Amino acid sequence: NAGVTQTPKFRILKIGQSMTLQCTQDMNHNYMYWYRQDPGMGLKLIYYSVGAGITDKGEVPNGYNVSRSTTEDFPLRLELAAPSQTSVYFCASRGGTAEDRGGYTFGSGTRLTVV
Amino acid sequence: EDKVVQSPLSLVVHEGDTVTLNCSYEVTNFRSLLWYKQEKKAPTFLFMLTSSGIEKKSGRLSSILDKKELFSILNITATQTGDSAIYLCAYPGTGYQKVTFGTGTKLQVIP
């Protein structure tokens, strides 16, 4: 049972390059999230999805795009990378029942550096 | 906009000490508050609090919510070096659709 799988674990990008951070979950969770965490800071929500085909912006969506064509996958796209996007990115998911409400499962993170 | 504020930002204690971490919040339509522990990588879920005055416990960790005063505390007794981590407080938002995290409290337990 893999849970939430993120790839890659590390990446260095040059300014202006693009990339996609992959996130897959095998728990059949409807809700999926992308967060970024800067040093010494909490997690900030970039985008989230409540089900396949439905996405919405979080607190810090600028410079990012997402899609949710399947329940399992929620990729995050960075277009025209900027140094301000240097951060650790976490994908998370949770189920839809009352018992699931607190139980967000996080991936192991992607450390991205833009130079 | 929902707001979650944690204090202190960081804390250094000796093994065996008891610590109290604070979380205050300003949110609309409160439903619950969450506590997470983040070691080297991803946060892991500790507690979900929905009612005032009811203590949630797991071993040496416990947490309580005060809905009237809009805060929660996380207590760790007889701390161990393995308790060193960032502790995050979070509000799940109306409909539990998205979570607002505090900046976290970085706890370091030294032998």
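My aim in this report is to walk through the structure given alongside it, one point at a time. (Residues numbered from 1 in each chain as written. Chains lettered and ligands numbered in written order. Predicted model: local features only at pLDDT ≥ 70, side-chain atom pairs only at ≥ 80, totals over all residues. Heavy atoms only, no water.)

**Let's talk about the interface of chain B and chain A**
Quoted interface sizes are often the accessible area lost when the parts come together. Keep this limit in mind: What makes two residues a contact is simply this: any of their non-hydrogen atoms within 4.5 Å. When two parts are put together, the accessible area they lose, computed with a 1.4 Å probe and summed over both, is reported as buried area. Any carboxyl oxygen of Asp or Glu within 4 Å of a side-chain nitrogen of Lys or Arg constitutes a salt bridge here. For this analysis, a polar contact is any N or O atom pair within 3.5 Å, provided that within protein one partner can donate a hydrogen and the other can accept it, and provided that sequence-adjacent residues contribute only side-chain to side-chain pairs. Residue classes follow a fixed rule: Ala, Val, Leu, Ile, Met, Phe, Trp, Tyr, Cys and Pro count as nonpolar, while Asp, Glu, Lys and Arg count as charged, and any other residue, Gly among them, counts as polar.
Listed as interface residues are 18 residues of chain B and, on the opposing side, 22 residues of chain A. Between chain B and chain A the total buried area reaches about 1,700 Å² when both faces are included, carbon and sulfur atoms providing 58% of it. Linking chain B with chain A are zero salt bridges. Applying the counting rule to chain B against chain A returns three residue pairs in polar contact (both at pLDDT 80 or more). Looking at side-chain class alone, the side of chain B that touches chain A contains 11 nonpolar, five polar and two charged residues.

**What to know about the sheet that holds strand β7 (residues 61-66) of chain B**
All names here are of chain B. The test is simple: Pairing between strands requires that DSSP locate at least two bridges from one strand to the other. Secondary structure elements follow DSSP: runs of H or I of four or more residues count as helices, runs of E of two or more count as strands, with numbering from the N terminus. Only C-alpha atoms enter the line fits that serve as axes; for helices the fit covers just the stretch in contact. Angles between N-to-C directions range over 0 to 180 degrees.
The strand order across the open sheet formed by five strands is β1-β3-β8-β7-β6, and the pairing between neighbours is antiparallel. In this open sheet, the two strands that pair with only one neighbour each are β1 (3-7) and β6 (56-58). Recorded for the sheet is a direction-independent mean angle of 15° between the axes of neighbouring strands. As paired strands, β6 and β7 are joined by three bridges and run antiparallel to one another. Residue pairing in the sheet places Lys 57 in a bridge with Ser 62 of β7.

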